[in-house]
Each structure stands twice: as structure tokens, then as C-alpha cells.
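The lines below spell out each chain.
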Amino acid sequence: AQSVSQHNHHVILSEAASLELGCNYSYGGTVNLFWYVQYPGQHLQLLLKYFSGDPLVKGIKGFEAEFIKSKFSFNLRKPSVQWSDTAEYFCAVTPAGSGNTGKLIFGQGTTLQVKP
Amino acid sequence: SAVISQKPSRDICQRGTSLTIQCQVDSQVTMMFWYRQQPGQSLTLIATANQGSEATYESGFVIDKFPISRPNLTFSTLTVSNMSPEDSSIYLCSVRTGVDYTFGSGTRLTVV
């Protein structure tokens, strides 16, 4: 069964610092990849997703992620974080193609705290 | 993308009782899922709710504890049975439409 691993559980940054959150998945076939954000007390919100094509995906609020197939990774980046980026970030994966059960599997989540 | 109405939004329940959570979607969807998010943790898939057949449960979740109904393509319920404080969590339904996933607003359950 597929699984998702987020290496950074709790990240603390100062405003304007650069951000990179790691995400690795285990699945041998084609996958669709997602990053979601959950602001305190709010619902899950989609940041960006990758299905095919350009492995560098741009999302909302200045976030981007790069799919590296050989490393089974889909790391999230932002060049300059803001205090308002303080939130929980979740990486998620679902098999694509013939292995597609539709199930979206989430990583453990990373808590990002941005200090003003 | 689909719009999901999930209710109740929150509840406080006595241990040993059951709570049924409803999820209504504004369009017909084939794939519907139920997740649990325990305090400070990630989302864990409970089951896939199949229309016209029994739900498919993930490891660690059983039908007796989390019975699911899916009477049609726009509606599903999840029941948390014989609750204990360990069941205190946020429960979310989710649907897949095309390549996108939509999540309900969640039900925050506290068992006392």
C-alpha cells in the first residue's frame, strides 16, 4: 500500500526566510500528488497539485513544488514566507491510472510557525 | 468542484452512545471517503463509501464501530458507535470529482 512521509514535523522560520518542506511517497506506479494547507481553525485548502507534465508546479500564495520521480519526492517551497503562512501543511498522494482506487493518502503533516 | 454540506459541525457526546454524521453533496459523485483527524495529527482514511454496496474499510477500522451508509450518489452517513473518549476527533467526508478532491467542513466530536 502507498504511504506518504513528511520529514519535517515542526518548522519555525522568521518572516522572509525561505521554506522547503519535504515529502516522499512509496508507490511503484504513477501517482497524483497534492499539497494542502490547514490554517488554524479552518478547513483543508488545496495549495497545488501535480498530475503530469512540467514537474515544477506553481500553486496559490506563492507556493511551488517539484516532483522528482527518481526520488519519489514532491517537496513544497516558498522563497519568502509571511507570518500568515503559519499553518499545518499536508502532502497527499493517490495512485493514477490502472492503480487508481481514488483513495487519497496523507502524510503526517508539518506544522509551520512563522515568527514576525 | 463539488460542494459538500456536512453536519453536525460539532457535538459533545456521552461515552457509550453513537453519533451519525451526514454528508450531502450538490452533485452525483462516485467516490466518497470518510477521514478522521485526531487532535494534532494528520488525516487518516477510515473507509471508502460505495454506492449500492458495503463500504471498504482501511486497516484498523471496522464496520461494527464505524458503520457507513451510501444510499445514493449524493449522500452518505458515518456512524461512530459505542463511543469512548479516544473517538474524540474531527471526522471529514471527501469526494473525488474528476481529478479534484473536495472536503467537508468536518464534524468536531468530543466524547466525555
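Figured I'd write up the structure that's included with this text. Along each chain, residue indices are assigned from 1 in the same order as the chain's sequence is written. In the order they appear in the text, chains get letters beginning with A and ligands get numbers beginning with 1. Reporting of local features is limited, given that this is a predicted model, to residues whose pLDDT is at least 70; pairs of side-chain atoms are given and counted only at 80 or more, and all residues count toward the totals for whole chains, interfaces and linings. Note: side-chain values were computed over all heavy atoms of the structure, leaving out hydrogens and water.

Attention shifts here to the packing of aromatic side chains. All names here are of chain B. Here the aromatic set is Phe, Tyr and Trp, taking the six-membered ring for Trp, and pairing holds for ring centres within 6.5 Å; pairs whose planes are under 30 degrees apart are stacked, those over 60 apart are edge-to-face, and all others are tilted. Under the criterion given, the structure shown has 17 aromatic pairs over all chains. Where Phe-61 meets Phe-66, the ring centres are 5.6 Å apart and the plane angle is 65 degrees; that geometry is what we call edge-to-face. In this structure Phe-61 comes out as buried when scored by relative accessible area, which is 9%. For Phe-66, a relative accessible area of 4% gives the class buried. Only protein chains enter the accessibility calculation, which uses a 1.4 Å probe; a residue is then buried when its area is under 20% of its type maximum, exposed when over 50%, and partly exposed in between.

So, about the sheet that holds strand β8 (residues 75-80) of chain B. Within a sheet, neighbouring strands are paired by backbone hydrogen bonds and run either parallel or antiparallel to one another. Residues and elements named next belong to chain B. Read across the open sheet, the 4 strands follow the order β1-β3-β8-β7; overall the sheet is antiparallel. Across the chains shown, the open sheet's two edge strands, defined by having one partner strand only, are β1 (4-7) and β7 (68-72). Between one strand axis and the next, the sheet turns by 15 degrees as a mean value, whatever way the strands run. Looking at chain direction, β1 and strand β3 (residues 19-25) are connected through 4 bridges and run antiparallel. Only strands that DSSP links by at least two bridges are regarded as paired with each other. Each helix is a run of DSSP H or I of at least 4 residues and each strand a run of E of at least 2, with the numbering of both proceeding from the N terminus. Lines fitted to C-alpha atoms define the axes here, with helix axes fitted over just the stretch in contact, and angles between the N-to-C directions of these axes take values from 0 to 180 degrees.

A pair of cysteine sulfur atoms is labelled a disulfide when the two atoms are within 2.5 Å. Taken as a whole and judged by the stated rule, the model has 2 disulfides over all chains. Sulfur-sulfur distance for the disulfide between Cys23(A) and Cys91(A) comes to 1.9 Å. Residues Cys23(A) and Cys91(A) share a disulfide whose torsion about the S-S bond is about -65 degrees; that sign makes it left-handed. With Cys23(A) in the loop between β3 (19-21) and β4 (24-26) and Cys91(A) in strand β10 (residues 87-95), this residue pair connects regions lying 68 residues apart in the sequence. The pair Cys23(A) / Cys91(A) is uniform in exposure class, with both members buried. What pairs with Cys23(B) in a disulfide is Cys93(B), and their sulfur atoms sit 2.0 Å apart.

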